[in-house]
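Geometric and topological summary
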Amino acid sequence: MLSRTADHLFWMARYMERAENTARLLDVNYQTSLLPQSEAAAMQGWKGLLGISELSHDYQKRFDKITARDVMSFMVSDANNPSSILSCLRAARENARAVRGALTTEVWETTNQTWLEFNRLLSTGALKKDPAELFEWVKFRSHLSRGVTLGTMLQDESFHFQRIGTFLERSDNTARLLDVKFHSLDTEFFGSGAGNETKEVDFYHWSAVLRSVSAFEVYRKVYRNVIRPEKVAELLILRPDMPRSLLASMNEVVSNLRAVANDQSDDTLRRAGRLRADLQYGRIDEILATGLHAYLTQFLDRVGDLGYGISRDFLMPE
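Just so we're clear, the structure is a prediction, and the values are computed from it rather than from any experiment.

**Section: the nonpolar core**
- Counting 97 residues, the largest nonpolar core has Leu26, Ile85, Phe118, Ile237, Leu279 and Ile310 as the members making the most contacts within it.
- Among the elements that take part in this core, helix H1 (residues 3-33) stands out by supplying 12 residues, more than any other.
- Once residues lying within four places of it in the same chain are set aside, the contact partners of isoleucine 237 are Leu178, Ser245, Leu246, Leu247, Leu279, Ile284, Ile287, Leu292, Tyr295 and Leu296.

**With respect to the side chain of threonine 114**
- Note on placement: threonine 114 falls in helix H6 (residues 105-123).
- From its side chain, threonine 114 meets the backbone oxygen of threonine 110 in a polar contact 2.7 Å long.
- Threonine 114 has contacts with Leu89, Trp137 and Arg141, leaving out every residue within four places of it along the chain.

**Focus on the environment of proline 243**
- Along the chain, the position of proline 243 falls in the loop between helix H12 (229-238) and helix H13 (246-259).
- Considering only alpha carbons, one finds proline 243 and phenylalanine 63, 180 residues apart in sequence, at a separation of 37 Å.
- Here proline 243 is in contact with Arg170, Ala248 and Ser249, once residues within four sequence places are set aside.

**Digging into the environment of lysine 139**
- Within the fold, lysine 139 resides in helix H8 (residues 131-152).
- Here the side chain of lysine 139 touches glutamate 136 through a polar contact of 2.8 Å, side chain to side chain.

**Digging into the packing of aromatic side chains**
- This structure, assessed with the given rule, holds eight aromatic pairs.
- Here tyrosine 59 and phenylalanine 74 contribute two aromatic rings whose centre-to-centre distance is 5.6 Å and whose plane-to-plane angle is 80°, an arrangement assigned as edge-to-face. Here phenylalanine 74 lies in helix H4 (residues 68-76) and tyrosine 59 lies in helix H3 (residues 56-62), a separation of 15 residues in the sequence.
- In this structure an aromatic cluster arises from ring pairing among Phe10, Trp11 and Tyr15.

**Focus on the confidence of the model for the chain**
- Here the chain averages 89 in pLDDT, while 93% of its residues score no lower than 70.
- With pLDDT under 50 throughout, residues 187-198 is counted as low confidence; its partners more than four residues away or in other chains account for 12 contacts.

**Structural notes on empty space enclosed by the protein**
- Scanning all chains against the criterion turns up two cavities of 30 Å³ or more.
- The volume enclosed by the largest cavity comes to roughly 160 Å³.
- Every residue lining the largest cavity is counted, 13 residues in all, and those nearest its centre are Ala13, Ser145, Arg146, Thr149 and Thr166.
- For the lining of the largest cavity, the elements supplying multiple residues, two or more each, are H1, H6, H8 and helix H9 (157-183).
- Taken together, the residues of the lining of the largest cavity sort by class into four nonpolar, six polar and three charged.
- Reported here for the second largest cavity is a volume of approximately 30 Å³.

**Notes on the packing of H1 against helix H2 (residues 39-52)**
- Where H1 contacts H2, the axes come no closer than 10 Å and their chain directions differ by 170°. Taken together, H1 and H2 sit at an angle that is classed as roughly antiparallel. On H2, the residues touching Leu25, Leu26, Asn29, Tyr30 and Ser33 of H1 are Gly45, Trp46 and Leu49.
- Each residue belonging to the contact of H1 with H2 can be placed in one class, and the counts come to five nonpolar, three polar and no charged.

**Here's the deal with the packing of helix H5 (residues 85-98) against H6**
- Viewed as axis vectors pointing N to C, H5 and H6 meet at an angle of 150°, and their least axial separation amounts to 9 Å. For the element pair H5 / H6, the angle class is roughly antiparallel. Our pair here, H5 against H6, has a crossing hand that is left-handed. Counting all contacts with H5, which are made through Ile85, Leu86, Leu89, Arg90, Ala92, Arg93, Ala96 and Arg97, the residues of H6 involved are Trp108, Thr111, Asn112, Thr114, Trp115, Phe118, Asn119 and Leu122.
- For the contact of H5 with H6, the per-class residue count stands at nine nonpolar, four polar and three charged.

**What to know about the environment of histidine 8**
- Counting through the fold element by element, histidine 8 comes out in helix H1.
- Remark: the alpha-carbon pair of histidine 8 and phenylalanine 161, spanning 153 residues in sequence, is separated by 9.2 Å.
- The contact partners of histidine 8, leaving out residues within four places of it in the chain, are Asn95, Ala98 and Val99.

**Describing the pattern of salt bridges**
- Inspection of the entire model under this criterion finds 27 salt bridges.
- Across the salt bridge formed by glutamate 17 and arginine 244, the nearest N and O atoms sit 2.8 Å from each other. Highlighted residues: glutamate 17 in helix H1 and arginine 244 in the loop between H12 and H13, separated in sequence by 227 residues.
- Take glutamate 17: its relative accessible area is 1%, and that puts it in the buried class.
- Under the relative-accessibility criterion, arginine 244 is labelled buried at 4%.
- Taking the shortest distance from any N to any O, the salt bridge between aspartate 58 and lysine 61 comes out at 3.9 Å.

**What to know about unusual backbone geometry**
- In this model, glutamate 54 sits at a positive phi of 60°, which is unusual for a non-glycine residue.
- Locating glutamate 54 in the fold gives a position in the loop between H2 and H3.
- One non-glycine residue with positive phi stands out, namely arginine 224, at about 55°.
- When you line up the elements, arginine 224 lands in the loop between helix H11 (216-223) and H12.

The rules behind these values
Residues numbered from 1 in each chain as written. Predicted model: local features only at pLDDT ≥ 70, side-chain atom pairs only at ≥ 80, totals over all residues. Heavy atoms only, no water. Core = buried A, V, L, I, M, F, W, Y, C linked by side-chain atoms within 4.5 Å. Buried < 20%, exposed > 50% of the residue type's maximum accessible area, 1.4 Å probe, protein only. Helix = DSSP H or I, 4+ residues; strand = E, 2+ residues; numbered from the N terminus. Contact = heavy atoms within 4.5 Å. Polar contact = N/O pair within 3.5 Å; in protein donor to acceptor, adjacent residues only side chain to side chain. Phe/Tyr/Trp six-rings, centres within 6.5 Å; stacked < 30°, edge-to-face > 60°. pLDDT = per-residue confidence, 0-100. 1 Å grid on protein atoms, 1.4 Å probe; cavity = no way out; pocket = protein on both sides within 12 Å on 5 of 7 lines; lining within 4 Å. Points joined across faces, edges and corners; volume = space filled by probe spheres on them. Nonpolar A, V, L, I, M, F, W, Y, C, P; charged D, E, K, R; others polar. Axes fitted to C-alpha atoms, helices over the stretch in contact; angles between N-to-C directions. Parallel < 35°, antiparallel > 145°, perpendicular 65-115°, else oblique. Left-handed = near helix turned anticlockwise from the far one by under 90°. Salt bridge = Lys/Arg side-chain N within 4 Å of Asp/Glu carboxyl O.

Pasting the structure below:
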């Protein structure tokens, strides 16, 4: 396969997944901002979201202060923000158009229709009317895109590069979601010694986090007890049977990388395998003992390094 084609397929999938995960990050922050809390605490949540998305500097150049409405507008519909949902869906569509011949008609039409319909929704004021409904729509269209890819694409190199892009992006964003919700809420981390009111807020807070990654019912099925932050972390980091966990994502990255391996990708495959092994044989008590924030920061650095290695070995040179 031409590296140019692989590059477009990889980034098409990454941008579609990034749009979904941005919607998930915004949704969990929007839902938790509705809980009883001080204005300062609510603003801290939006500030943390910008920080973990590495958008604080760009946001401050555009806005004087942090408000929920401005943050959502900046991260959803701002065409000048390359990480906004609008920009991600546009980039996914442009990458798909560049390799139209490598895609099935269904995959192309799904990607193109998502872009057109999202613009229509923005023009009708969907973000102001009901942000949560718009975020659900973005998630649904991303699900549809993956389903059409699985259901219609030949599972050749084109398919594998799309899967690598999807799950590399997913692992990055799941780690960011965990980090922003744990690191910014130190007092709620373990919940020990909390009063009933705080425990109630904890329940709704962590329920929102779980729902943001479609894991609320999964948590209940696996643990069958009250929602505990350390169990949320275990589910989203170490469970191989949880679709959006770090381990499940890295399992997919490694298996698809192996399918497209070439003579110069041995080191990249080794690093991906080592990262997966660390997750596969990790224990949540060890991770918490060393510090979850430090662990997730290191994980994000390793995923970024892995993405660079994949670009170097397979895709277009920067």
